[in-house]
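# Structural characterization, general
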Amino acid sequence: MAQIRVQNLRKDFGSFSAVKSSTFTVEDGEFFMLLGPSGCGKTTTLRMMAGLELPTSGEIYIGGEEVGMKRASQRDIAFVFQMFALYPHMNVRKNISYPLVSQGMKRAEVAARVADVARILKIENILDKPVGGLSGGDRQRVALGRAIVRNPKAFLMDEPLGALDAEFREHMAEELRALHDRMGATTVYVTHDQLEAMQMGDKIVVMNHGVVEQFGRPQQIYDWPATRFVAAFIGSPPMNFLEFEGSIAAGGSQVTLGGQGVQVPVSREGLSGKLTLGARPEHTRFDEHSALRGRVLATEYLGTTQIVTVRTDHGEIKSRIPSNQHARVGETVGLSFDARTLTLFDSLTGRALLSEANEGVLGHV
Amino acid sequence: MSSYSVAEPSGAQKLVAGALVILYACITSLPLLWIIATGFKSPSDAIAYPPKVIFEPTVEGYVNLFTTRTRMPQEQLDALGPPQTWYDKIVRKDGVIITGASRFAGRFYNSVIIGFGSTALCIVLGTAAAYAFSRFKVPFKDDLLFFILSTRMMPPIAVAIPIFLMFRQLGLSDTHAGLILLYTAVNLSLSVWLLKGFIDEIPVEYEEAALIDGYTRFQAFYKVVLPQAATGIASTAIFCLIFAWNEYAFAVLLTSGTAQTAPPFIPTIIGVSGQDWPAVAAGATIFLVPVMVFTILLRKHLLRGITFGAVRK
């Protein structure tokens, strides 16, 4: 097992830059998520780590060794493909033992290792079946088996649950996480599903347009997004954004929004011009005394909570409130925010302003 | 039940369909059966009118095909004593004796060498080129592919004269290598295009998985891509072989002796000792066998290959 460090990684395809400059570190034994919308460069980054693409520039270190230009076979990593990529002309046993055969391992040892893996993944009963007739879940297990049988330095997974149906996905996600915890293997996992990333990852890198937007633990990223893109991409429903013209001074803790003062965490930097106030729906509550008022457009019942959409002068705002709280479509309500949880963004760059609250998370960037 | 029903057809429908298929099979195989039958007729039965469907089978045609004979007066024949072998006996009736082996065996052997040789070369080169076109960034890839296809846009025989002159200059006339090269050149475009289609259908992830599993690019190609391309390779091989095996025009033009293939040889049987149709038919029958065996061996692949990719899996 090993630490993986990616430094200023860049990949150009002709005039298009798939990955512009990625820098992050995957600690030994971590379950690490590469998250982003399609086309953001996450898969390209993973493929460069695997050696399936060569970087245009930058370095990749696996276990302290620079491997950027090395062949995939020399990196001692395992890769799990979205479409599983099981060799169709071999049965399950041969598929799993294939990486061992390439190392010239003795037959008895190969058999023992395959049996071991089959036991861990509970696929002993299908070992001699052809892979063609297997269900999606079993194929996934075989693909995992082929990856873990080698005891590689790291596992790289490209949306491994993407081809499974929703119900089974949940189950496989738990299984995968349990397997990781048991083996303690460094794992890099690519996904476009923010829930999957939050649920499974120790750490998340959020990428967009080939750029790393933010890198940290799921809760840090959820609570203190570094950019407006991250704030919008993570969370369902996403963060509310209220755009306004105004200013905040370094050390200030109040902005004026539509003539009304709103408390925010003490800012570490000053900016005036176009600003955006970001508030998570669960930190947005009904307040009869607030001057920020709007009409209820819709309510969405979610069991213990409900999402209420309110149209205000600053756009539509969603609020997550307990289901038993009264909210009727058409009525006018006041809204206020939990001051400690708010983030201010520079509207032009989308960057979050440093404040007393988020500097612990964003300060080191 | 309507005639467009997707349900299982009824017994009567199956019967009609079966009868039609058998009728069609009979019509198409009739010429073939006629040739095979003619090979076993005596020369007089072969040219009998009305044609004889029931006849006394003889292998005289086959004996004539493989031998050269000479006619002898009866008293000299009697002086030779009784015929030594069964085939001597057959020809002795007509007042001839066998003087040696004909050149058919050699011509047939030439056909085998040239047909299978050019097919093998076509498959090796075609697979390599198709893999490269399918997987790698090749500069001017589309133009090159179009250029390769364009070699098929005229009948090859249209360039017979330049090829004839070229072969004479290069000393390739009447050599195995010459015809193998020519048939490979003609078939290669077909082979590259067909195989590229098959290789395109094989997901690249299989090779990537093999690369990560510790194999080199060539091992990945050899151990993962080739087994999956087997269907395509088999059907391409059959197309190439059938073309090279049946080719007549270039074979007539470019070979005369050592490298002559069976197609130009078989018609020359007529004229050597009269219109010996049974011998011609026997030659044609034997000539059919290799391609038939080859096709039957690969027919499962051929059927899958022809419809491959028609329906997305």
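Residues numbered from 1 in each chain as written. Chains lettered and ligands numbered in written order. Predicted model: local features only at pLDDT ≥ 70, side-chain atom pairs only at ≥ 80, totals over all residues.

### Overview of the overall build of chain A
Summing up its helical and strand segments, chain A has nine helices and 20 strands in all. Dimensions of chain A, computed from C-alpha atoms along their principal axes, come out at roughly 75 × 45 × 35 Å. Expressed as a percentage of the 365 residues in chain A, the buried residues total 42%. Of the contacts made within chain A by residues no fewer than 6 positions apart, 64% connect residues no fewer than 24 positions apart. (Helix = DSSP H or I, 4+ residues; strand = E, 2+ residues; numbered from the N terminus. Buried ≥ 20, exposed ≤ 12 C-beta atoms within 10 Å, placed from the backbone. Contact = placed C-beta atoms within 7 Å.)

### Some points on the overall build of chain B
Along the backbone of chain B there are 15 helices and two strands. Relative to the 2.2 N^0.38 estimate, which gives 20 Å for 313 residues, the radius of gyration of chain B is 26 Å and therefore markedly larger than a compact globule would have. Seen through its principal axes, chain B has C-alpha atoms that stretch 85 × 70 × 40 Å. Counting across all 313 residues of chain B, residues that qualify as buried make up 32%. A separation of at least 24 residues holds for 76% of the contacts in chain B among residues at least 6 apart in sequence. (Rg over C-alpha atoms; globule rule 2.2 N^0.38 Å.)

### Some details on the interface of chain B and chain A
Size of an interface, as often reported, equals the accessible area lost when the parts are brought together. Opposite the 14 residues of chain B that make contact, chain A presents 17 residues. Secondary structure elements with two or more residues in the side of chain B that touches chain A: helix H10 (205-212) and helix H11 (217-246) of chain B. Class assignment for the residues of the side of chain B that touches chain A results in eight nonpolar, three polar and three charged. (Nonpolar A, V, L, I, M, F, W, Y, C, P; charged D, E, K, R; others polar.)

### Description of the environment of histidine 301 of chain B
All names here are of chain B. With respect to the helices and strands, the residue histidine 301 is situated in helix H15 (residues 299-307). For histidine 301, a count of 19 C-beta atoms within 10 Å puts it in the partly exposed group. Each C-alpha atom of the pair histidine 301 and alanine 230 lies 7.9 Å from the other, and the pair is 71 residues apart in sequence. Excluding residues that lie within four positions of it along the chain, histidine 301 makes contacts with Ala230, Thr231, Ala234 and Ser235.

### A closer look at the domain arrangement of chain B
Residue and element names in this part refer to chain B. We note that the domain assignment places domain 1 (11-39), domain 2 (62-102) and domain 3 (105-307) within chain B. Measuring from the centre of the C-alpha atoms in domain 2 to the corresponding centre in domain 3 gives 41 Å. Opposite the six residues of domain 2 that make contact, domain 3 presents seven residues. Broken down by element, the side of domain 2 that touches domain 3 gets its largest block of residues, four residues, from helix H3 (residues 60-66). In terms of residue class, the side of domain 2 that touches domain 3 is made up of four nonpolar, one polar and one charged. (Domains from an automatic or database assignment.)

### Quick look at helix H5 (residues 166-183) of chain A
For H5 of chain A, spanning 18 residues, the distance from its first C-alpha to its last is 26 Å, which sits close to the expected 26 Å at 1.5 Å a residue. In the stretch just after H5 of chain A, glycine 184 of chain A is the one whose phi turns positive, near 65°. (Expected span 1.5 Å × (residues − 1).)

### Observations concerning the domain arrangement of chain A
In terms of domain boundaries, chain A breaks down into domain 1 (4-223) and domain 2 (236-362). The straight-line distance from the C-alpha centre of domain 1 of chain A to that of domain 2 of chain A is 38 Å.

### Things to note about the packing of helix H2 (residues 92-102) of chain A against helix H4 (residues 136-148) of chain A
All names here are of chain A. Packing of H2 against H4 leaves a shortest axis separation of 7 Å and a crossing angle of 30°. Taken together, the axes of H2 and H4 are roughly parallel relative to one another. Between H2 and H4 the crossing geometry is right-handed. Contact with H2, carried on its side by Val92, Asn95, Ile96, Tyr98 and Pro99, involves Val142, Gly145 and Arg146 of H4 and no other residues of that element. (Axes fitted to C-alpha atoms, helices over the stretch in contact; angles between N-to-C directions. Parallel < 35°, antiparallel > 145°, perpendicular 65-115°, else oblique. Left-handed = near helix turned anticlockwise from the far one by under 90°.)

### Some details on the sheet that holds strand S14 (residues 271-279) of chain A
All names here are of chain A. In space, the three strands of this open sheet follow the order S11-S14-S20, with antiparallel pairing throughout. Looking along the sheet, the strands with just one partner apiece sit at the ends: strand S11 (240-248) and strand S20 (343-346). The mean inter-strand angle of the sheet, taken between neighbouring strand axes irrespective of direction, is 35°. The pairing of S11 with S14 spans nine bridges and is antiparallel. The partner of isoleucine 248 across the bridge, within S14, is leucine 271. (Pairing = 2+ DSSP bridges.)

### What to know about the sheet that holds strand S19 (residues 332-337) of chain A
Strands in a sheet are paired, the pairing made by backbone hydrogen bonds, and the direction either parallel or antiparallel. Residue and element names in this part refer to chain A. Taken in spatial order, the five strands line up as S15-S19-S16-S17-S18 in an open sheet, and their pairing is antiparallel. At either end of the open sheet lies a strand with only one pairing partner, and these are strand S15 (284-286) and strand S18 (315-322). Direction aside, neighbouring strands of the sheet carry axes that sit 45° apart on average. Note that strand S16 (residues 293-301) and S19 share three bridges and pair antiparallel. Among the inter-strand pairings, glycine 294 is bridged to a residue of S19, identified as valine 333.

### Details of the nonpolar core
The biggest cluster of nonpolar side chains holds 131 residues, and the ones touching the most others in it are Leu156 and Val188 of chain A. Of all the elements, H11 of chain B adds the most residues to this core, at 12 residues. When residues no more than four places from it in sequence are discounted, the contact partners of valine 188 of chain A are Ile4, Val26, Phe32, Leu34, Leu46, Met49, Ala154 and Leu156 of chain A. Listed in part, the 14 residues of the second largest apolar core include Val63, Leu65, Ile266 and Ala282 of chain B. (Core = buried A, V, L, I, M, F, W, Y, C linked by C-beta atoms within 7 Å.)

### Observations concerning the pairing of strand S7 (residues 154-158) of chain A
Residue and element names in this part refer to chain A. Of all five residues in S7, five are buried, a share of seventy percent or more. Going residue by residue along S7, you find Ala154, Leu156 and Asp158 tucked away on one face and Phe155 and Met157 tucked away on the opposite face as well. Strand direction decides the pairing type here: strand S6 (residues 77-80) and S7, joined by four bridges, are parallel. In the strand pairing of S7, alanine 78 is matched with phenylalanine 155.

### Things to note about unusual backbone geometry
Here the bond from serine 236 of chain A into proline 237 of chain A is cis, since omega is -5°, no more than 30 degrees from zero. Tracing the chain through its elements places proline 237 of chain A in the loop between helix H8 (228-233) and S11. Cis geometry is adopted by the peptide bond preceding proline 50 of chain B, which originates at tyrosine 49 of chain B and carries an omega value of -5°. When you line up the elements, proline 50 of chain B lands in the loop between helix H2 (43-46) and H3. Phi at asparagine 8 of chain A takes a positive value of approximately 50°, unusual for a residue other than glycine. The residue asparagine 8 of chain A is located in strand S1 (residues 4-13) in this model. With a phi angle near 60°, lysine 122 of chain A is a residue other than glycine that sits in the positive phi range. You can see lysine 122 of chain A is positioned in the loop between helix H3 (107-121) and H4. With 11 C-beta atoms counted inside 10 Å, the residue lysine 122 of chain A sits in the exposed group.

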